[in-house]
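One letter stands for each residue in the lines below.
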Amino acid sequence: MNMIESNLQKIKVSLPEDVTLVAVSKTKPVNELMQAYNAGQRVFGENKIQEMTQKWETMPKDICWHMIGHVQTNKVKYMAQFVDLIHAVDSIKLLLEIDKQAKRHNRVINCLLQIKIAEEESKFGLNEEDAIALLDAEEVKNLTNVKIKGLMGMATFTNNQKQIKTEFQKIQTFFDQNTTKYPELKILSIGMSGDYTIAMDCGSTMVRIGSSIFGARNYV
């Protein structure tokens, strides 16, 4: 058994059945993704559209590709043909573009609204008030080729577990308060390699794990 397969097995054993594992494969070569694929992994997350598109072109077509990075509207067209879920939607403008490009391919693209829960200025996301306004907007309700399936959030990059838990609890509370009014909200995507166990305690239904599966990344 190779390292990637071994890591995947350990993580999957720790996940409840109702939590989806997104293997974050950004910067990793196709041969390493295929090791995860051959071990049964079918959901992969990338943060650069060009890299994800190249991998989609060469890898098996039963893979669900998730775009987990910040998305520029002018890049949506490159992934509209195949992307399954876009995690980081933070504006009506972006939703409208996703709908337009999905329509061109006769597809419905699932999306998550990114909620800003971290203290870091560098993190993107909507505040709670703006998220509600977006969900209530008539132009969003009338979109036919986009489905908002839930919320996504990223905690502050810190070793302070108490702070991370507080931030996750904030989005969990917001999610729980709104699932009755917006029954389409089924997914709560919080938690990465360093904090996914805390995230699961806070109701996460989808975790994005990269380095704990593939090892540390080499950024050029």
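Residues numbered from 1 in each chain as written. Predicted model: local features only at pLDDT ≥ 70, side-chain atom pairs only at ≥ 80, totals over all residues. Heavy atoms only, no water.

A.B. asks: Can you help me understand the overall build of the protein in this one?
C.D. replies: On a plain count of helices and strands, the protein comes out with 10 helices and eight strands. For 220 residues, the compact-globule estimate of 2.2 N^0.38 gives 17 Å, and the protein sits close to it at 17 Å. The proportion of buried residues among the 220 residues of the protein is 51%. Of all intrachain contacts in the protein linking residues separated by at least 6 positions in sequence, the fraction that spans at least 24 positions is 59%. Accessible surface, the protein: about 10900 Å² in total, of which carbon and sulfur atoms supply 48%. Across the protein, the centroid of the 27 positively charged side chains sits 5 Å from that of the 26 negatively charged ones. (Helix = DSSP H or I, 4+ residues; strand = E, 2+ residues; numbered from the N terminus. Rg over C-alpha atoms; globule rule 2.2 N^0.38 Å. Buried < 20%, exposed > 50% of the residue type's maximum accessible area, 1.4 Å probe, protein only. Contact = heavy atoms within 4.5 Å. Areas by Shrake-Rupley, 256 points an atom, 1.4 Å probe, with all protein chains shown as cover. Lys, Arg positive; Asp, Glu negative; His and termini not counted. Charge placed at Lys NZ, Arg CZ, Asp CG, Glu CD.)

A.B. asks: When you look at the pairing of strand β4 (residues 85-89) in this model, what are you seeing that I'm missing?
C.D. replies: Side chains on a regular strand alternate between the two faces of the sheet. The element β4 is largely enclosed, with a buried count of five among its five residues. Here strand β3 (residues 64-67) runs beside β4; their pairing, made up of two bridges, is parallel. Bridged to H66 within β4 is L85. The sheet contact formed by β4 and strand β5 (residues 109-114) spans three bridges and is parallel. In the sheet register, V89 faces β5, and the bridge partner there is L113. Taking the sense of rotation as the criterion, the β-α-β connection linking β4, helix α5 (residues 92-104) and β5 turns out right-handed. (Pairing = 2+ DSSP bridges. Right-handed = clockwise from strand over helix to strand, strands pointing away.)

A.B. asks: Can you walk me through the side chain of E32 in this structure?
C.D. replies: Here E32 is to be found in helix α2 (residues 30-38). K28 provides the closest opposite charge to the buried, unpaired E32, separated from it by 4.3 Å. Residues in contact with E32, not counting those within four places in the same chain, are I4 and F214. (Salt bridge = Lys/Arg side-chain N within 4 Å of Asp/Glu carboxyl O.)

A.B. asks: Would you explain helix α8 (residues 161-178) in this entry?
C.D. replies: In an α-helix, one full turn covers 3.6 residues, which means residues spaced three or four apart are oriented alike. Helix length check: α8, at 18 residues, gives a terminal C-alpha distance of 26 Å against a target of 26 Å (1.5 Å per residue), a fit within 8%. For α8, the secondary structure elements touched by its buried residues are α6 (128-136), β6 (146-152), β7 (187-189) and α9 (196-201). The N-cap residue of α8 is N160: its side-chain oxygen and the backbone nitrogen of K162 are 3.1 Å apart. (Expected span 1.5 Å × (residues − 1). Polar contact = N/O pair within 3.5 Å; in protein donor to acceptor, adjacent residues only side chain to side chain.)

A.B. asks: Looking at this model, I keep getting lost on α6. Mind explaining?
C.D. replies: For α6, the complete set of buried residues consists of A131, L134 and L135. Projected down its long axis, α6 shows its buried positions confined to an angular sector of 95°, all on one face. Considering only its buried residues, α6 is in contact with α5, β5, α7 (138-141), β6 and α8. Capping the start of α6, N127 holds a side-chain oxygen 3.2 Å from the backbone nitrogen of E129, two or three residues further along. (Arc of directions from axis to C-beta.)

A.B. asks: Would you take a moment to explain the pattern of salt bridges for this structure?
C.D. replies: A side chain of one charge can pair with a side chain of the opposite charge when the charged atoms of the two come close. The final tally for this structure, using the stated rule, is six salt bridges. Of the charged contacts in the structure, one is a salt bridge between E46 and K55, with a shortest N-O distance of 2.8 Å. For the residue pair E46 and K55, the accessibility class agrees, reading buried in each case. Between K55 and E51 there is a salt bridge, with the nearest N and O atoms lying 2.7 Å from each other. Of this pair, K55 and E51 both sit in helix α3 (residues 49-58), four residues apart, which is roughly one turn of the helix. As far as burial versus exposure is concerned, K55 and E51 are alike and both buried. Within the structure, one salt-bridge network assembled from shared partners comprises E46, E51 and K55.

A.B. asks: Is there a simple way to explain the packing of α6 against α8 in this structure?
C.D. replies: Any two packed helices are characterised by the angle at which their axes cross and by the distance between the axes. Where α6 meets α8, the axes come as close as 12 Å, and the angle between the chain directions of the two elements is 30°. In terms of orientation, α6 lies roughly parallel with respect to α8. In this structure, α6 meets α8 at a crossing whose hand is right-handed. Across from E128, A131 and I132 in α6, the residues of α8 making contact are K170, F174 and N178. (Axes fitted to C-alpha atoms, helices over the stretch in contact; angles between N-to-C directions. Parallel < 35°, antiparallel > 145°, perpendicular 65-115°, else oblique. Left-handed = near helix turned anticlockwise from the far one by under 90°.)

A.B. asks: Any chance you could explain the environment of A23 here in plain terms?
C.D. replies: As for its position among the elements, A23 is in strand β1 (residues 20-24). Ignoring anything within four residues of it in the chain, the contact list for A23 reads Q41, V43, F44, G45, I209, I213 and F214.

A.B. asks: Before we go on, may I ask you to explain the state of the cysteines in this structure?
C.D. replies: What is meant by a disulfide is a covalent connection between two cysteines, made through their sulfur atoms. Summed over the entire model, instances satisfying the criterion amount to zero disulfides. In this structure C111 is a free cysteine whose sulfur lies 15 Å from that of C64, the closest cysteine sulfur available. (Disulfide = S-S within 2.5 Å.)

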